[in-house]
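One letter stands for each residue in the lines below.
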Amino acid sequence: MDPPPLGEVARRAGGGLGRRTVLAGALALSACGPKAQSQPIPADLPPLRSVAPFRVGACVQALHLDDPALAALLVREVSQLTPEWQMKMEYIVQPDGSFRFEAPDRIAAFARAHGMGLLGHNLVWYAQTPEAFQRLDENRIGFADAYRNYIHAVAGRYRGQVVGWDVVNEPVAEDGNGWRDSLWAQRLGAFEHIALAYRTAHEADPDAVLLLNDYNLEYFPKKRATYLNLAERLLASGAPLTGLGAQMHVAADVPPGEITRMIRDLASLGLPIHVSELDVSLTRAENKLLSRAELQRRQTAVYAEAAEAFMALPERQRFAFTLWGLRDRDSWLRAENAADAPAVFDDAGRPKAGAAALVDAFQGRRPQA
Ligand code: G3I
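No experiment lies behind these values; they were computed from the predicted model shown. (Residues numbered from 1 in each chain as written. Predicted model: local features only at pLDDT ≥ 70, side-chain atom pairs only at ≥ 80, totals over all residues. Heavy atoms only, no water.)

Chemist: Account for the site of the ligand, with residues named and values stated.
Modeler: In the vicinity of the ligand there are 15 residues, among which E84, K88, E90, H121 and E277 approach most closely. For the ligand, an oxygen atom lies 2.7 Å from a polar atom in the side chain of H121. Q128 has a polar side-chain atom sitting 3.3 Å from an oxygen atom of the ligand. Contact with the protein chains removes 54% of the 790 Å² of surface that the ligand exposes when unbound. Across the shell around the ligand, the residue classes break down as four nonpolar, six polar and five charged. (Near = heavy atom within 4 Å. Polar contact = N/O pair within 3.5 Å; in protein donor to acceptor, adjacent residues only side chain to side chain. Areas by Shrake-Rupley, 256 points an atom, 1.4 Å probe, with all protein chains shown as cover. Nonpolar A, V, L, I, M, F, W, Y, C, P; charged D, E, K, R; others polar.)

Chemist: Please provide a residue-by-residue account of the pairing of strand β4 (residues 164-169), values included.
Modeler: Counting buried positions along β4 yields six of six residues, so the element is predominantly enclosed. Two elements, strand β3 (residues 117-125) and β4, share five bridges in a ladder whose sense is parallel. Bridge pairing in β4 places G120 opposite W165. Here β4 runs beside strand β5 (residues 209-214); their pairing, made up of five bridges, is parallel. (Buried < 20%, exposed > 50% of the residue type's maximum accessible area, 1.4 Å probe, protein only. Helix = DSSP H or I, 4+ residues; strand = E, 2+ residues; numbered from the N terminus. Pairing = 2+ DSSP bridges.)

Chemist: Explain the packing of aromatic side chains to me, using residue names and the numbers behind them.
Modeler: Inspection of every chain in the model, using the stated rule, returns 17 aromatic pairs. Here the aromatic rings of F99 and Y150 are separated by 5.5 Å at their centres, their planes lie at 85 degrees, and the arrangement is edge-to-face. Here F99 is found in the loop between α5 (89-92) and α6 (102-113), whereas its partner Y150 is found in helix α8 (residues 140-157), with 51 residues between them in sequence. Each ring, one from Y147 and one from W184, has its centre 5.6 Å from the other, and the planes form 45 degrees; the classification is tilted. In this pair, Y147 is assigned in helix α8 and W184 in helix α9 (residues 183-188), connecting sequence segments 37 residues apart. Cluster of aromatic residues (ring-pair linked, three or more members): F99, F101, F133, F143, Y147, Y150, Y158 and W184. Seen from the ring of Y215, K223 lies directly overhead, with NZ or CZ sitting 3.6 Å from the centre. Taking NZ or CZ as reference, R233 lies 4.1 Å from the ring centre of F191, over its face. (Phe/Tyr/Trp six-rings, centres within 6.5 Å; stacked < 30°, edge-to-face > 60°. Lys NZ or Arg CZ within 6 Å of the ring centre and 35° of its normal.)

Chemist: Lay out the nonpolar core with the relevant residues and their values.
Modeler: Soluble, globular proteins show a tendency: their nonpolar side chains are buried together. Core analysis: the biggest nonpolar cluster contains 112 residues, and L74, F133, W165, Y198, L244, F321 and F362 have the highest contact counts within it. Of all the elements, α8 adds the most residues to this core, at nine residues. Setting aside residues up to four positions removed in sequence, L74 forms contacts with A58, V60, L65, L81, M116 and L326. Residues L119, V209, L211 and F319 belong to the second largest nonpolar core, which totals five residues. (Core = buried A, V, L, I, M, F, W, Y, C linked by side-chain atoms within 4.5 Å. Contact = heavy atoms within 4.5 Å.)

Chemist: So what's going on with the side chain of H121? Which residues, and what values?
Modeler: Mapping H121 onto the fold places it in strand β3. Using a relative accessible area of 2% as the deciding quantity, one classes H121 as buried. A polar contact is formed between the side chain of H121 and the side chain of N122, at a distance of 3.5 Å. Here the side chain of H121 touches D166 through a polar contact of 2.7 Å, side chain to side chain.

Chemist: Break down the packing of helix α11 (residues 221-237) against helix α12 (residues 258-267) for me, citing the residues and quoting the values.
Modeler: Helix packing for two helices is described by the angle between their axes and how far apart those axes are. Contact pair α11 / α12: the axes reach a minimum separation of 10 Å and the direction vectors enclose 15 degrees. Our classification of the angle between α11 and α12 gives roughly parallel. As α11 runs across α12, the sense of the crossing is right-handed. The residues of α12 that touch α11, namely those facing R224, Y227 and L228, are R261, M262, D265 and L266. In terms of residue class, the contact of α11 with α12 is built from four nonpolar, no polar and three charged. (Axes fitted to C-alpha atoms, helices over the stretch in contact; angles between N-to-C directions. Parallel < 35°, antiparallel > 145°, perpendicular 65-115°, else oblique. Left-handed = near helix turned anticlockwise from the far one by under 90°.)

Chemist: An account of unusual backbone geometry is requested, with residue identities and associated values reported.
Modeler: Here H121 and N122 are connected by a cis peptide whose omega angle stands at -10 degrees. Relative to the elements of secondary structure, N122 occurs in strand β3. A positive phi angle, close to 55 degrees, is found at E170, a residue other than glycine. In this fold, E170 is placed in the loop between β4 and α9. For E170, a relative accessible area of 7% corresponds to the buried category. Look at N216: it is not a glycine, yet its phi comes out positive at around 60 degrees. Summarising the element assignment, N216 is placed in the loop between β5 and α11.

Don't take any of this as a statement about function, it's just geometry.
Written out as structure tokens, the structure is:
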């Protein structure tokens, strides 16, 4: 049975929304030496999922599944999928407040058919506040019921299919000074909307790992500290936070050692860690004097550092290692700069030095100095 649209739930809550609601009712390690870049990629490089002692993931869109080459590469290389955008409000919540699930259902079915984990991404994000929610009356009770209804409708639908959820995405302010403002914070409270999201997601799917997810945690120690303070406050409040995600959208010239420091800091809370959206941009490098070859060498070293830092975690803290775009051509970064090549497989799906670096690290081998 389809869940009631947002407005219907708010109406039932006596939120006084009634007719006014137009809603019809949703790596300073031993960086790879110069040899690393020039080393040929073994033709028989084993699949990432075959050597990693944890789930290796990739983001995916439903339309990707119509590309036989990419579908085959996903099945060969990864053991977990994250819907890149189609499990978010922007896809699910329709202008009239109803919900649609065709695309995420298709991705979930593909994951199930191929024995892959599914990572729900994401339930609450400051960046997506559909009209259907914005039109809800100021009434707090009605809004809270519509918010809870949405989380129950989505997390409940995929109960038993997802291994976890990015429940709240990017809650920390860019500069690390506090938390972001958002429709959710304004209507339900800066902390309360976050704690409520975790409590509700746990009600909807008690078996899912419930993750906090954010970016630039390796670049900005202050943001990282605020992220960890939020996690600690959630835990102290009894919110069922059970995993920490670091997106890791980095550039090839990210200072060696920063990723390692970040992962170690996140691991200090003892929760499972998700490298949730790793890509290593060549064109976003701050140092514009670096040659393409040097950027590629550094890219390989960054993949090696990320994988080795993750491997250094206790097994119980290795939730998953997810790449945001398996092939260069699938990356969101391509829309920003067609010259970027941030992934570990090239446009043709051939493994790059980054893939070999991941395999080495996952197999516990350090790259040749
Ligand atoms: O495919 C449709 C197309 O049919 C339609 O014509 C077009 C215009 O509406 O939209 C296309 O979908 C776009 C989709 O990317 C595929 O390109 C969506 O509008 C667009 O919003 C979506 O952007 C995604 C973005 O999150 C917002 O959801 C990116 O793919 C995705 O890589 C990006 O991922 C985020 C993580 O969720 C959170 N961390 C940062 C990361 C990068 O921004």
